[in-house]
Amino acid sequence: MSKLNPKIYWLASYPRSGNTWVRAFIFNLLNNKQKDFDMDDLDTGPIASCRKWIEDALGFDISELSHNEIDLLRPTAYRWLSENMSQNGYHKVHDAYSTLSNNSHLFPVEATRGALYIIRNPLDVAVSLAYFTGDSIEKVIMDMGNTDTSACENPRKFHKQLRQSFSSWSQHVLSWVSASNISNLVVRYEDLKFRSVEKFSEIASFLQLPTDEVLIKNALAQCRIDKLQTQELSRPFKECPQSTTRFFRKGVIGDWLDVLNNKQVEAIVNDHRNVMEAFGYLDSAGKPYTTFDTQELKFDSAYC
Amino acid sequence: MRHYKAFGLNIVSELELPSLILAPFKNADVWIKKGKVSKNGLIAPKRIRPFCQQAPSEIWLHVPGIARFYISQGNKVIVEPYEDADEQSVRLFILGSCMGAIMHQKNRLVIHGNAIRFGDGCVIFSGKSGTGKSTLAAALYQKGYEVLADDLAVIDEQLNVQPSYPQMKLWQDSAEKLGLDICQLNKIRLQIDKYAYPMDRGFCQKALPVKAIYVLNNHKNDQFLLQPIEGADKLPPLKNHTYRPGYLDGLGLKAQHFKLCSQLASRIQMTRITRPSHKFELDSLIENIEMDLHSKSFAA
């Protein structure tokens, strides 16, 4: 940790990988309430690409700057925000951990207390993302394999969020887990599901949050997906995009077995073989695991 | 030196500002000059942001790659452009951030929104960025309404909106929705796909009293909602939609601003208008607004 005492913990993931669940857990751990968690109260601070957050920090209008011009200002904004936070902040981020054209890091070390990276089986990510965006599975697979993939990038219109460069799914993972200058913890979505108490305790400890087992269990109970789904049935989640009516769709592991065809599975495995292998999503024959007994999912920490 | 009239002020500028209206006058209210501007900011700033600082009567602004600006006493803008900065970009920050700062220093109420003439007064459409303010202003302009201001609605002590300048700014997406041919329009900066939509007619050059403010909003439902904002509830939206409200703290003008907002709130009607976010139905939006204004007995 630098002498500057950075305050920002980045909650990083490729989209549809469990980020909101982790944020809901953090929120409940920090706000240990007896009453039921209302997902509309969910607030762990703005996403890293929140235009207003960045603009208020910089202190001037950035709406007439290009995406690249704004990116060059973002590290300064994060540094200022970190310096002016009274306590640690937990901010979601979907951008890849990248280096800008002036060689500075988009997420500067002086602002970064640590990065929690959540990785999820790209086969399940593809299914979830297709439902979420309304795009075809083929389009999603292509985007996940493309290092130029980004969100809010259409230069012809105004976006409430700044452009987020995802890169490809593999490069996204590698960018964060191999960022050697910042402290990070990598967790798999599948482990969060199967070994919740253990893994969420690890997360709490990494993020310097309460680690008491009762509190962890209470927080987890508050944000069980079936609870969030029931709430979503009665009113839309505030962060849900227009492209879908369900933010908390299934959250299950192995949904791809019912949805993807062989060709689609093959395409994803071909695009992301190395990273899938490294994180235990492929068996020794290079085939995706189809059963999900966590004992079989071996976690290769070589990248961390 | 060029002489312009905008926001109810006589402006003398060393830099050419082609979107403003040229007008001869003897006494200037605001001077815009090129000169040296500190690289580090103000001597005694009261509010500090990485690229912008404020002190009573002073604002320092640094837009990397474009220019540094020093705005003081409500009457002076000193501009130091980067050597390789294009004039278009420098001008844009003069007319936006710098004029907004001047107006704050002059103790005007600056609302982030546009002002459209309805009868013998005007109506301001305000709202967060991305709620369609400029698109609505351009659509009303196309329908024949006169426009006083786009983006910054400057309200003077008499609670009149002072006309800004005869140009709107539209993202390509909005311009196309409005049926405009972008080949006929100029980009406001070459670096972005936002276009200047000049008002060759229908720019209202007369200051007009504010009659109502609509706060634009959107939601995920299909309905349009019009909800009157009453009494003290008018103050938070006025504060929130003030142009860069953070400046007021640094300038020491928060109390003054509150007074202005209160005066305005007691004189005008305010309505929150919520439209479906998934489809920008301009015609229905305008229809709803016209009906509401009609019910308030505001002639078009």
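This one's a predicted model, so the numbers in the text were calculated from it and none came from an experiment. (Residues numbered from 1 in each chain as written. Chains lettered and ligands numbered in written order. Predicted model: local features only at pLDDT ≥ 70, side-chain atom pairs only at ≥ 80, totals over all residues. Heavy atoms only, no water.)

**What to know about helix α8 (residues 196–206) of chain A**
Residues and elements named next belong to chain A. What α8 keeps buried is the set Ser196, Lys199, Phe200, Ile203, Ala204 and Phe206. Mapping the buried residues of α8 onto a view down its axis gives an arc of 165°, with all of them on the same face. As for α8, its buried residues are in contact with β1 (8–13), α1 (19–30), β3 (112–119), β6 (184–188), α7 (189–194) and α9 (213–222). Once α8 finishes, Gln208 follows within two positions and takes phi at roughly 55°, a positive value. (Buried < 20%, exposed > 50% of the residue type's maximum accessible area, 1.4 Å probe, protein only. Helix = DSSP H or I, 4+ residues; strand = E, 2+ residues; numbered from the N terminus. Arc of directions from axis to C-beta. Contact = heavy atoms within 4.5 Å.)

**With respect to the pattern of salt bridges**
Any two side chains of opposite charge can pair, so long as their charged atoms come close to each other. According to the stated counting rule, one finds 27 salt bridges over all chains in the structure shown. Of the charged contacts in the structure, one is a salt bridge between Asp193 of chain B and Lys187 of chain B, with a shortest N-O distance of 2.9 Å. Through salt bridges with shared partners, a single ionic network connects Lys52, Glu55, Asp56 and Asp61 of chain A together with Arg244 of chain B. (Salt bridge = Lys/Arg side-chain N within 4 Å of Asp/Glu carboxyl O.)

**Description of the packing of aromatic side chains**
Inspection of the entire model under this criterion finds 18 aromatic pairs over all chains. Aromatic side chains Trp53 of chain A and Tyr78 of chain A sit 6.0 Å apart centroid to centroid with 50° between the ring planes, which places their arrangement in the tilted category. Linking Trp53 of chain A in helix α2 (residues 51–58) with Tyr78 of chain A in helix α3 (residues 67–83), this pair joins segments that are 25 residues apart in sequence. Classification of Trp53 of chain A as buried rests on a relative accessible area of 12%. Here the aromatic rings of Phe7 of chain B and Tyr165 of chain B are separated by 6.1 Å at their centres, their planes lie at 75°, and the arrangement is edge-to-face. Of the two residues, Phe7 of chain B sits in the loop between β1 (2–6) and β2 (9–13) while Tyr165 of chain B sits in the loop between β14 (160–162) and β15 (167–171), which places them 158 residues apart along the sequence. An identical accessibility class is assigned to Phe7 of chain B and Tyr165 of chain B; each is buried. By way of ring pairs, the aromatic residues Trp10, Trp53, Tyr78, Tyr97, Phe107 and Trp176 of chain A are connected into one cluster. Over the face of the ring belonging to Tyr189 of chain A we find Arg120 of chain A, whose NZ or CZ atom lies 4.3 Å from the ring centre. (Phe/Tyr/Trp six-rings, centres within 6.5 Å; stacked < 30°, edge-to-face > 60°. Lys NZ or Arg CZ within 6 Å of the ring centre and 35° of its normal.)

**Things to note about the pairing of strand β6 (residues 52–55) of chain B**
Residues and elements named next belong to chain B. Neither face of β6 is open: one carries Cys52 and Gln54, the other Gln53 and Ala55, and all of them are buried. Inspection of the sheet shows strand β5 (residues 47–49) paired to β6 by 3 bridges, in the antiparallel sense. Residue pairing in the sheet places Ile48 in a bridge with Gln53 of β6. With antiparallel pairing between neighbouring strands as the criterion, β5 and β6 make up a hairpin whose turn holds 2 residues. Where β6 meets strand β7 (residues 58–63), 4 bridges bridge the pair, whose relative direction is antiparallel. What sits directly across from Cys52, in β7, is Leu61. Linkage of β6 to β7, two consecutive antiparallel strands, is achieved through a turn of 2 residues, within which Ser57 is found at a positive phi near 70°. (Pairing = 2+ DSSP bridges.)

**What about the packing of helix α6 (residues 169–177) of chain A against helix α12 (residues 262–278) of chain A?**
Residues and elements named next belong to chain A. At a minimum axis separation of 8 Å, α6 and α12 run at an interaxial angle of 30°. Considering the angle they form, α6 stands roughly parallel to α12. The handedness of the crossing between α6 and α12 is left-handed. Each of Trp169, Ser170, Val173 and Leu174 in α6 lies in contact with α12, whose residues at this interface are Asp271, His272, Val275 and Met276. Of the residues that constitute the contact of α6 with α12, the class distribution is 5 nonpolar, 2 polar and 1 charged. (Axes fitted to C-alpha atoms, helices over the stretch in contact; angles between N-to-C directions. Parallel < 35°, antiparallel > 145°, perpendicular 65-115°, else oblique. Left-handed = near helix turned anticlockwise from the far one by under 90°. Nonpolar A, V, L, I, M, F, W, Y, C, P; charged D, E, K, R; others polar.)

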